[in-house]
Amino acid sequence: MGGWLSIGLGIVAALLLWRTGHPVLFWSAVVATVLEFWSYGIMHNFAMDLAKARFDRIRENMILEEQGQEALDRLDRTPIHPTSAEINAVPDGITRVNMLVSLAILGLLISGVVIRLL
């Protein structure tokens, strides 16, 4: 569970915990959601930077091979998508932070549901 799903669940958890008389849980949900957004952004940017560097190398090689402008224009119109190797190259530390915060959000969401139902 990561990315936008965790961010959305963190927002839901914060809304569920809002004005329940548990300010520590509410602020924990807010901080966890911000940390989730931050760590997801770092991971995304890391993978996209690697993918952009790969495209830049391809473009440079096409210029060195003296391929036509039409081929370069076609490459420039191609959307950049990171490969699984680029995604797996994200540092383990930030991935662990993201995973732990996702689990904390899940626990806070469950707490919010239980508090609201009781």
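All of the points below concern the structure found in this document. Just so we're clear, the structure is a prediction, and the values are computed from it rather than from any experiment. (Residues numbered from 1 in each chain as written. Predicted model: local features only at pLDDT ≥ 70, side-chain atom pairs only at ≥ 80, totals over all residues. Heavy atoms only, no water.)

**What about the side chain of Ser 6?**
Its location among the elements puts Ser 6 in helix 1 (residues 4-17). Under the relative-accessibility criterion, Ser 6 is labelled buried at 0%. Within the structure, Ser 6 has its side chain in polar contact with the side chain of Ser 102 (distance 3.2 Å). (Helix = DSSP H or I, 4+ residues; strand = E, 2+ residues; numbered from the N terminus. Buried < 20%, exposed > 50% of the residue type's maximum accessible area, 1.4 Å probe, protein only. Polar contact = N/O pair within 3.5 Å; in protein donor to acceptor, adjacent residues only side chain to side chain.)

**Observations concerning unusual backbone geometry**
The phi dihedral of Arg 19 falls on the positive side, at around 55°, and the residue is not glycine. Take Arg 19: it is sitting in the loop between helix 1 and helix 2 (23-64). Arg 19 sits in the exposed class, given a relative accessible area of 72%.

**Topic: the nonpolar core**
Counting 10 residues, the largest nonpolar core is built from Ala 13, Ala 14, Leu 17, Phe 26, Ala 29, Ala 32, Val 101, Ile 105, Leu 108 and Leu 109. Secondary structure elements with two or more residues in this core: helix 1, helix 2 and helix 5 (92-117). The dominant element in this core, judged by the number of residues it contributes, is helix 5, at 4 residues. In this structure, Ile 105 is in contact with Ser 6, Leu 9, Gly 10, Ala 13, Ala 32, Thr 33 and Glu 36, ignoring residues within four places of it in sequence. Residues Phe 55, Met 62, Ala 71 and Leu 75 belong to the second largest nonpolar core, which totals 5 residues. (Core = buried A, V, L, I, M, F, W, Y, C linked by side-chain atoms within 4.5 Å. Contact = heavy atoms within 4.5 Å.)

**Some details on the environment of Ile 105**
One can find Ile 105 in helix 5. Sequence separation between Ile 105 and Ala 32 is 73 residues; the distance between their C-alpha atoms is 6.4 Å.

**Quick word on the side chain of Ser 102**
Inspection of the secondary structure puts Ser 102 in helix 5. Judged by relative accessible area, which is 2%, Ser 102 ranks as buried. One polar contact links Ser 102 to Glu 36, side chain to side chain, over a distance of 3.1 Å.

**Considering the packing of aromatic side chains**
Under the counting rule described, the total for this entry stands at 4 aromatic pairs. Among the aromatic side chains, those forming a connected cluster through ring pairs are Trp 4, Phe 37 and Tyr 40. (Phe/Tyr/Trp six-rings, centres within 6.5 Å; stacked < 30°, edge-to-face > 60°.)

**A short note on the packing of helix 2 against helix 3 (residues 69-77)**
Between two packed helices, what matters for the description is the angle formed by their axes and the separation of those axes. Look at helix 2 against helix 3: their axes get within 10 Å of each other, and the N-to-C directions meet at 175°. The orientation of helix 2 with respect to helix 3, classified from their angle, is roughly antiparallel. From helix 2, Phe 55, Ile 58, Arg 59, Met 62 and Ile 63 reach across to helix 3, where they touch Ala 71, Leu 72, Leu 75 and Asp 76. The class makeup of the residues in the contact of helix 2 with helix 3 is 7 nonpolar, no polar and 2 charged. (Axes fitted to C-alpha atoms, helices over the stretch in contact; angles between N-to-C directions. Parallel < 35°, antiparallel > 145°, perpendicular 65-115°, else oblique. Nonpolar A, V, L, I, M, F, W, Y, C, P; charged D, E, K, R; others polar.)

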